[in-house]
Amino acid sequence: MRGLVATHGGIGAELVEVVAMIMGPGTGLESLSNHGKSAHDLTEEIVVWLRGEGESGAGSQEPAIIFIDDYGGSCANAAQLACRPSDPVALVSGVNLAMLLGFATWHEELELEELVQRLVERGRTAITRLGGAS
Amino acid sequence: MTVVLARVDDRLIHGQVTVGWCQQLQPDRLLLANNAIAADAWQCRVYASSVPPRIQVSILSVAEAVNLLKGSEAEQEKVMVLTGSLPEMVDLVRLGAPITRVNLGGIHFAPGKRELYPFVYLDDLDLRALCRLAELGVDVFAQQVPGGREHGLGVQAIRELGGPC
């Protein structure tokens, strides 16, 4: 399973780096920024990543998850337009560190649908009030 | 219809538009004029889904967009107009859309384009389009987000960039 964190600015790169700092190498995650890119170029970049060009050259059929920071932004639009209905790809918005740590933990053992379900749940669980003024 | 902002942005409908400018200007409708997207139901669906529900969305060809903007329906409606390129904005104005001011909000790097601002890169086609807008009496300014610095682009400035005005 491959994972791409597609975000505004440097958010994705930082998240991927922090996951590797915590989990070590082999997280299965890469990042991509929308910085300085048109909708067309951003979409094309995701298409290239989905095809896995530069690896086997024959195109990747490996299942993948694209994590996006915010629904409705340029990365979300580009990711939706880059995917064909037949692609084994899931898009998940609202990416956070807990979600990505889950991906690094389970990406080699779980099937796509089960993994997505767990990651969405884990990401939501991480959003909680810890205390402070009442 | 009152055009509250006519913006050239090659990211089309995205956060700077739906959050930044829409919160500031409170349009009733967002109108994206783009022939290719208007002809593709899937792309229309993706872009329309990015818009907050209180704002109406129209994704139309350039000719259809002009008709909507020139029509007398919903005269009180505030509309934000978007194109993905300068030549498309010129077409809107040339065909009679009531646009007197154009915002350059995002024209990103592509081969042949030169940096004017970090969010505006222009090639010869763009410079010709800017001259055409000036001929048509349209004021042009570059500004990425509300509250950001506004850079006026008058005829003299366009000439200095190499525009054939």
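Refer to the preceding data block for the structure.
Each chain has its residues counted from 1, following the order in which its sequence is written. A letter from A marks each chain and a number from 1 marks each ligand, given out in the order of writing. Only residues with pLDDT of at least 70 get local features here, since the model is predicted, and only at 80 or more are side-chain atom pairs given and counted; chain-wide, interface and lining totals rely on the full set of residues. The basis for the side-chain values is all heavy atoms of the structure; hydrogens and waters are excluded.

Peer 1: Just to check I follow, could you spell out the sheet that holds strand β1 (residues 2-9) of chain B for this structure?
Peer 2: Across a sheet, paired strands are connected by hydrogen bonds in the backbone, their directions being either parallel or antiparallel. Residues and elements named next belong to chain B. Pairing between strands is defined by DSSP: at least two bridges between them are needed. By definition, any uninterrupted DSSP run of H or I lasting at least four residues is a helix, any uninterrupted run of E lasting at least two residues is a strand, and each is numbered from the N terminus. The strand order β3-β2-β4-β1-β5-β8-β9 describes an open sheet built from seven strands, whose pairing is mixed. For this open sheet the edge positions go to β3 (56-60) and β9 (151-152), each flanked by a neighbour on one side alone. Relative to strand β5 (residues 101-106), β1 runs parallel, the two being bridged by three bridges. Opposite D9, over in β5, you have G106 as the bridge partner.

Peer 1: I'm lost on the state of the cysteines in this one. Help?
Peer 2: Linking two cysteines covalently through their sulfur atoms gives a disulfide. Any two cysteine sulfur atoms lying within 2.5 Å of each other are counted as a disulfide. In total, this model carries one disulfide over all chains according to the counting rule given. What pairs with B:C131 in a disulfide is B:C165, and their sulfur atoms sit 2.0 Å apart. On the S-S bond that ties B:C131 to B:C165, the torsion sits near -90°, and the link is left-handed. Of the two residues, B:C131 is situated in helix α6 (residues 124-135) and B:C165 in the segment after α7 (155-160); the sequence distance between them amounts to 34 residues. Relative accessibility decides the category of a residue: with a 1.4 Å probe and only protein chains considered, values under 20% of the type maximum give buried, values over 50% give exposed, and everything between is partly exposed. For B:C165, a relative accessible area of 36% translates into the label partly exposed. In this structure A:C83 is not part of a disulfide, and its nearest cysteine sulfur, from A:C75, lies 13 Å away. Not part of a disulfide, B:C22 finds its nearest cysteine sulfur in B:C44, a span of 17 Å. With a relative accessible area of 0%, B:C22 lands in the buried category.

Peer 1: What is the right way to look at the pairing of β5(B) in this model?
Peer 2: The side chains of a regular strand alternate between the sheet's two faces. Residue and element names in this part refer to chain B. The buried fraction of β5 amounts to five of the six residues, a majority that puts the element mostly inside the structure. Bridging between β5 and strand β8 (residues 139-142) involves four bridges; their strand directions are parallel. For R101, the partnering residue across the bridge sits in β8 and is D139.

Peer 1: Whenever I open this one, the sheet that holds strand β4 (residues 89-93) of chain A confuses me. Can you help?
Peer 2: Residue and element names in this part refer to chain A. If you trace the four strands from one edge of the open sheet to the other, you get β2-β1-β3-β4, paired in parallel fashion. Each edge of the open sheet is held by one strand with a lone partner, namely β2 (29-33) and β4. Within this sheet the neighbouring strands show an average axis-to-axis angle of 20°, counted without direction. Pairing analysis gives five bridges linking strand β1 (residues 2-7) to β2, with the strands arranged parallel. Across the sheet, V5 pairs through a bridge with S31, a residue of β2. All axes are obtained by fitting lines to C-alpha atoms, using only the stretch in contact for helices, and the reported angles, taken between N-to-C directions, cover 0 to 180 degrees.

Peer 1: Looking at this structure, I do not really get the packing of aromatic side chains. What am I missing?
Peer 2: Residues and elements named next belong to chain B. We call Phe, Tyr and Trp rings a pair once their centres come within 6.5 Å, taking the six-membered ring for Trp, and we label the pair stacked below 30 degrees between planes, edge-to-face above 60, and tilted otherwise. Applying the stated criterion across every chain yields a total of three aromatic pairs over all chains. Ring centres 5.7 Å apart and planes at 80° place the aromatic pair F109 and Y121 in the edge-to-face group. Taken together, the residues span a long stretch of sequence, with F109 in the loop between β5 and β6 (114-117) and Y121 in strand β7 (residues 120-122) at a distance of twelve residues. Since its relative accessible area comes to 44%, F109 is described here as partly exposed. Residue Y121 is classed as buried on the basis of its relative accessible area of 17%. Ring centres of Y117 and F119 lie 6.0 Å apart, and the angle between their planes is 20°; on these two criteria the pair is classed as stacked.

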